[in-house]
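# Coordinates in review
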Amino acid sequence: MIYILTGDIRTGKTTALLNWTDQRDEVDGWLCPDNEDGKRYFLNVKSKVEFELEIESEVDSTKIVSIGPFNFLRSAFKKANDYLISLTSDNENQYIIVDELGRLELNKEGLHTAAEDLIPKFLKDTKHHLILVVRSYLLDDIIHFYNISEYQTLKKEDLSDLLF
């Protein structure tokens, strides 16, 4: 089953997921919260390991992917994609989170590789669930781009209704 957690920019989707996953062992994946400086980083849901994603200054342009004024490390996306894809080989988790799918993914960047791999595997899976975080204004574009035929949309308030 695929769940799409949707909401507007900066409305607490990631924070709601962070709170929802706290003290749960059946969830894995990546969250992308902001640090104290307002920069996004990757946080592994299960291990709580963090690593840098958004960088302030431009480095070698081959090492970053930019969208608007934001610069992200390609190596961070590679690490996150590889990890997400590895979860499907022996999936013990009831839920896997991908935070988030947006303009980068629509340009086949960011977490696109993992999304392209995971979405078809979860479309008909009734025991395991994929939670995709998508901004409201990109919902139709993401559904069409990834050909997501069966899904349920969620608001952050709906997370407590998901069963374990």
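The text that follows walks through the structure, step by step, so that each part is easy to find. Please read these numbers as outputs of a predicted model, since none were measured by experiment.

### Let's talk about the sheet that holds strand β4 (residues 50-52)
On the basis of which strands lie adjacent, the open sheet formed by 7 strands has the order β4-β3-β2-β8-β9-β1-β10 and mixed pairing. Of all strands in the sheet, those with a lone pairing partner are β4 and β10 (152-154), marking the two edges. The sheet shows a mean angle of 20 degrees between the axes of neighbouring strands, direction not considered. Sheet topology note: the strand β1 (residues 2-7)/β10 ladder contains 3 bridges and is parallel. Of the residues in β10, the one forming a bridge with Leu5 is Leu154. Each of β1, β8 (95-101) and β9 (129-135) touches helix α4 (residues 112-122); the most contacted strand, β9, lies at about 130 degrees to it.

### Some details on unusual backbone geometry
Cis peptide bonds are those with omega within 30 degrees of zero, and the linkage from Asp99 to Glu100 qualifies with 5 degrees. Tracing the backbone through its elements, the reader meets Glu100 in strand β8. Even without glycine at this site, Arg10 takes up a positive phi of about 55 degrees. By secondary structure assignment, the location of Arg10 is in the loop between β1 and α1 (13-21). Even without being a glycine, Asn147 presents a positive backbone phi close to 50 degrees. With respect to the element layout, Asn147 can be found in the loop between α5 (139-145) and β10.

### Looking at the packing of aromatic side chains
For the structure on display, the rule yields 10 aromatic pairs. Arranged with centres 5.6 Å apart and planes meeting at 55 degrees, the rings of Trp30 and Phe42 form a pair that is tilted. Linking Trp30 in strand β2 (residues 27-31) with Phe42 in strand β3 (residues 41-44), this pair joins segments that are 12 residues apart in sequence. Its relative accessible area of 0% is what places Phe42 among the buried residues. Site record: aromatic cluster; members linked through ring pairs are Trp30, Phe42, Phe51, Phe70, Phe72, Phe77 and Tyr83.

### Some remarks on α1
Residues of α1 that are buried: Lys13, Thr14, Ala16, Leu17, Trp20 and Thr21. Seen along its axis, α1 keeps its buried residues to an arc of 160 degrees; they face one direction. Check the buried side of α1 and you find it contacts β1, β2, β8 and β9. Just past α1, the residue Gln23 takes up positive phi, approximately 70 degrees.

### Examining the side chain of Asn81
When you line up the elements, Asn81 lands in helix α2 (residues 74-86). Assessed through its relative accessible area of 5%, Asn81 is described here as buried. Within the structure, Asn81 has its side chain in polar contact with the backbone oxygen of Gly110 (distance 2.8 Å).

### Thoughts on the layout of surface pockets
Its volume calculated, the largest pocket comes out at about 640 Å³. In terms of lining, the largest pocket is formed by 29 residues, of which the most central are Arg10, Cys32, Arg40, Glu100 and Arg135. Secondary-structure elements contributing two or more residues to the lining of the largest pocket are α1, β7 (70-73), β8, α3 (103-106) and β9. Taken together, the residues of the lining of the largest pocket break down into 15 nonpolar, 5 polar and 9 charged.

Basis of the calculations
- Residues numbered from 1 in each chain as written.
- Predicted model: local features only at pLDDT ≥ 70, side-chain atom pairs only at ≥ 80, totals over all residues.
- Heavy atoms only, no water.
- Pairing = 2+ DSSP bridges.
- Helix = DSSP H or I, 4+ residues; strand = E, 2+ residues; numbered from the N terminus.
- Axes fitted to C-alpha atoms, helices over the stretch in contact; angles between N-to-C directions.
- Contact = heavy atoms within 4.5 Å.
- Phe/Tyr/Trp six-rings, centres within 6.5 Å; stacked < 30°, edge-to-face > 60°.
- Buried < 20%, exposed > 50% of the residue type's maximum accessible area, 1.4 Å probe, protein only.
- Arc of directions from axis to C-beta.
- Polar contact = N/O pair within 3.5 Å; in protein donor to acceptor, adjacent residues only side chain to side chain.
- 1 Å grid on protein atoms, 1.4 Å probe; cavity = no way out; pocket = protein on both sides within 12 Å on 5 of 7 lines; lining within 4 Å.
- Points joined across faces, edges and corners; volume = space filled by probe spheres on them.
- Nonpolar A, V, L, I, M, F, W, Y, C, P; charged D, E, K, R; others polar.

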